[in-house]
Amino acid sequence: MIAVMNRCVYRRMFARVALITLLGFLAGLANAAAKRPNVIILLTDDQGYGDLSCHGNPVLKTPNLDRLHDESIRLLDFHVTPMCTPTRGQIMTGRSCLSNGAYVVCSGRSFIREGIPTMPEIFAAAGYRTGIFGKWHLGDYYPYRPQDRGFQEVLTFSGWGVGCAQDYWNNAYQDCRFLHNGKAQFYPGYCTDVWFAEAMKWMKARAASGEPFLCYLPTNTPHGPNWVPEKYSKPYAGKVPPGVARFFGMIANIDENLARLETMLAESGLRENTILIYMTDNGGTAGVKTFNAGMRGRKTEYYEGGHRVPFFLRWPAGSLRPAGEVPDLTQVQDLLPTLMDLCEIKGPAGFSCDGTSLAPLLRGQPQPGLKDRMLVVQYGIWEEWEGPVKWNSTVLWNKWRLVKGEELYDIAADPAQASNIAALNPDVVTSLRKHYETWWSAIEPSVREFIPIHLGSKHEDPVCLGSQDWAGYNTSNTPDIRAGVNRNGPWHVLVERAGEYEFALRRWPVEADAAITASVPAYQGALGGYAEGKALPIAKARLRVGDFDATKTVGAEDKAAVFTVKMPAGRTLVHTSFQDATGKELCGAYYVYVHRK
């Protein structure tokens, strides 16, 4: 009996010890996770290198960005692409935009190819919580949406910007409806304030639960239209043109929000072990005539002012080199492998990217390979929706810039790129052209392949096909939709499941609740608005999908022209048009809602 009792006691004791050991092990894991750095990427839209007072802007004041500048490691020769979508895709994948597929802002060319691992997917697999608050612009359809590519918390909008054709109707920077985890929800206040406030709320919750996080904070400002509360633009009124004053006001608002973010990080205990990155997505826009840091070029252009942008990185607890300037040539594709190294994260099997980890450089260690690297900057402009044009690029190597395969500049001696010295340096031109030829030969085989929009998926139904993703000269701006511009093009789609599909062709989006033939009233929000929407003499609607081709009469009260089509699984094209009574095409259907019945 005593022996039995002793065995019971021992069993309970051993069970307790085992439990304590297990709890200790789990606590150890929690502590290890807590020690992993958090990551915040603050990406502003259309703010150039010269749009900071710490970079010498004589008008604009950015005291909080200036403070971050002083506390950060600063990559002085850091390059993105000269346009927003390509840069964003490169941040997410570490791969060239011509490789990952997202190399044009619209026209069905703004989706990251399936199967390419993304930053949030890699971080989520490593136990991080992931959130995006702001502009995605890498696909509004499954499987390209942020929630499909690794983000667990999503607050965003459709299309290239707040108020664009694909965004919720009549959004105008103040008191908008944004997509929270895929569902439209009203958010009072100025858009940039909303992004920061919601991001900080989410980060504080992660801090309370001891979860490491990746917070992607891509503002839609200071991209036009230049709408901002007057208190931010008023200090610049009379010093610069009105549009520039409002543009600077949007940056001043971002700067103020950065101060709020810094306060939150300090008060929540997150500041020391958080990697905070600030950068912009392309070269300057509205502010370049005021100050462009001595550079030639702007957004969309291949000269230095189009793709050289600020990059600040601060991590107080990271044992990095002291704050200051790093002159080495670097690029946006370096960001993902660098963060993976700093956070000690491994990629999935077979993972590769075009960038180089800059972790040794940031730790003050020698990284000699950077001295000889050559880089290519290239994306696709609207006219290149069928595929990018060879040599429409810049090749970078130390101080050299080869623009469009012909113009050579020494930016150390000629930062304004005023003198083409290609004829004086034929060996340099030959070396840079050879590098580009090798690079292009790897890109070319797949670069013209369209990435299709999925229809009939269990993850998204219905799908709203928007005119911004026509494979051609798209219609992505609300003023064009309201004016009824005569443009058209097909959508490249992949039908996931055979079946009967309903196509509802609309002139106006569902939330506008207007007839196809009707005009819509002008809209004036708190900060800006839109002109009246023009009525078009639409009498017929036509749909072509695969072998299906039908035309329907449009009645005066019809809000949609609805077609039912039996479709096999596989890839096809969707064509639409609105016509007048004579059959003349007026425009494509700007909005097509597709539902698998």
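Residues numbered from 1 in each chain as written. Predicted model: local features only at pLDDT ≥ 70, side-chain atom pairs only at ≥ 80, totals over all residues. Heavy atoms only, no water.

**Observations concerning the layout of surface pockets**
Okay, so step 1: There is about 660 Å³ of room inside the largest pocket.
Okay, so step 2: Taken together, 30 residues make up the lining of the largest pocket; nearest its centre are D140, S158, L179, G182 and C464.
Okay, so step 3: Per-element tally for the lining of the largest pocket: the top contributor is strand 5 (residues 174–180), with 3 residues.
Okay, so step 4: Tallied by class, the residues present in the lining of the largest pocket amount to 17 nonpolar, 6 polar and 7 charged. (1 Å grid on protein atoms, 1.4 Å probe; cavity = no way out; pocket = protein on both sides within 12 Å on 5 of 7 lines; lining within 4 Å. Points joined across faces, edges and corners; volume = space filled by probe spheres on them. Helix = DSSP H or I, 4+ residues; strand = E, 2+ residues; numbered from the N terminus. Nonpolar A, V, L, I, M, F, W, Y, C, P; charged D, E, K, R; others polar.)

**Examining helix 6 (residues 191–209)**
Okay, so step 1: The end-to-end C-alpha distance of helix 6 is 27 Å, a good match for the 27 Å that 19 residues give at a rise of 1.5 Å each.
Okay, so step 2: Among all positions of helix 6, only C191, T192, V194, W195, F196, E198, A199, M200, W202, M203 and R206 are buried.
Okay, so step 3: Once helix 6 finishes, G210 follows within two positions and takes phi at roughly 70°, a positive value. (Expected span 1.5 Å × (residues − 1). Buried < 20%, exposed > 50% of the residue type's maximum accessible area, 1.4 Å probe, protein only.)

**Examining the pattern of salt bridges**
In a structure, side chains of opposite charge can pair up when their charged atoms sit close to one another.
Okay, so step 1: Applying the stated rule across the entire model yields 25 salt bridges.
Okay, so step 2: Residue R314 is joined to E71 by a salt bridge in which the shortest nitrogen-to-oxygen separation is 2.8 Å. Note that R314 is positioned in strand 9 (residues 311–314) and E71 in helix 2 (residues 63–71), a separation of 243 residues in sequence.
Okay, so step 3: Accessibility expressed as a relative area gives 31% for E71, which makes it partly exposed.
Okay, so step 4: Close ionic contact of D480 with R487 constitutes a salt bridge, the shortest N to O distance being 3.2 Å.
Okay, so step 5: Among the residues examined, R487 registers a relative accessible area of 18% and is labelled buried.
Okay, so step 6: One network of salt bridges, with partners in common, ties together E71, E262, R271, E272 and R314. (Salt bridge = Lys/Arg side-chain N within 4 Å of Asp/Glu carboxyl O.)

**Quick word on the packing of helix 6 against helix 8 (residues 242–267)**
The angle between the axes and the distance between the axes are what describe a pair of packed helices.
Okay, so step 1: Orientation of helix 6 relative to helix 8, taken along the N-to-C sense of each, is 10°, at an axis distance of 10 Å. With respect to each other, helix 6 and helix 8 are oriented roughly parallel. Considering only the axes of helix 6 and helix 8, their crossing is right-handed. Mapping the contact onto sequence places T192, D193, F196, M200, M203 and K204 in helix 6 and N253, I254, N257, L258, R260, L261 and M264 in helix 8.
Okay, so step 2: Taken together, the residues of the contact of helix 6 with helix 8 break down into 7 nonpolar, 3 polar and 3 charged. (Axes fitted to C-alpha atoms, helices over the stretch in contact; angles between N-to-C directions. Parallel < 35°, antiparallel > 145°, perpendicular 65-115°, else oblique. Left-handed = near helix turned anticlockwise from the far one by under 90°. Contact = heavy atoms within 4.5 Å.)

**Re the nonpolar core**
Okay, so step 1: Within the largest apolar cluster, 49 residues are counted, with the highest numbers of intra-cluster contacts made by F178, M203, F248 and L261.
Okay, so step 2: Those elements that place two or more of their residues in this core are strand 1 (38–44), helix 2, strand 5, strand 6 (183–190), helix 6, strand 7 (213–218), helix 8 and strand 8 (274–280).
Okay, so step 3: With 11 residues, helix 8 is the largest single contributor of residues to this core.
Okay, so step 4: Residues within four places of L261 in sequence aside, it is in contact with I40, F196, M200, M203 and L276. (Core = buried A, V, L, I, M, F, W, Y, C linked by side-chain atoms within 4.5 Å.)

**Focus on the confidence of the model for the protein chain**
Okay, so step 1: Residues at a pLDDT of 70 or more form 94% of the protein chain, whose mean pLDDT is 94.
Okay, so step 2: Contacts of residues 1–33 to residues separated by more than four positions or lying in other chains number 1 contact, the stretch itself having pLDDT below 50. (pLDDT = per-residue confidence, 0-100.)

**With respect to the sheet that holds strand 12 (residues 394–397)**
Okay, so step 1: Reading across from one edge, 11-12-13-14 is the order of the 4 strands in this open sheet, with antiparallel pairing throughout. Looking along the sheet, the strands with just one partner apiece sit at the ends: strand 11 (374–377) and strand 14 (407–410). Neighbour to neighbour, the strand axes of the sheet diverge by 20° on average, direction disregarded.
Okay, so step 2: Note: strand 12 against strand 13 (residues 400–403), 4 bridges, orientation antiparallel. Opposite T394, over in strand 13, you have V403 as the bridge partner.
Okay, so step 3: Relative to strand 11, helix 12 (residues 426–443) is tilted by about 65°, and along the sheet it contacts strand 11, strand 12, strand 13 and strand 14. (Pairing = 2+ DSSP bridges.)

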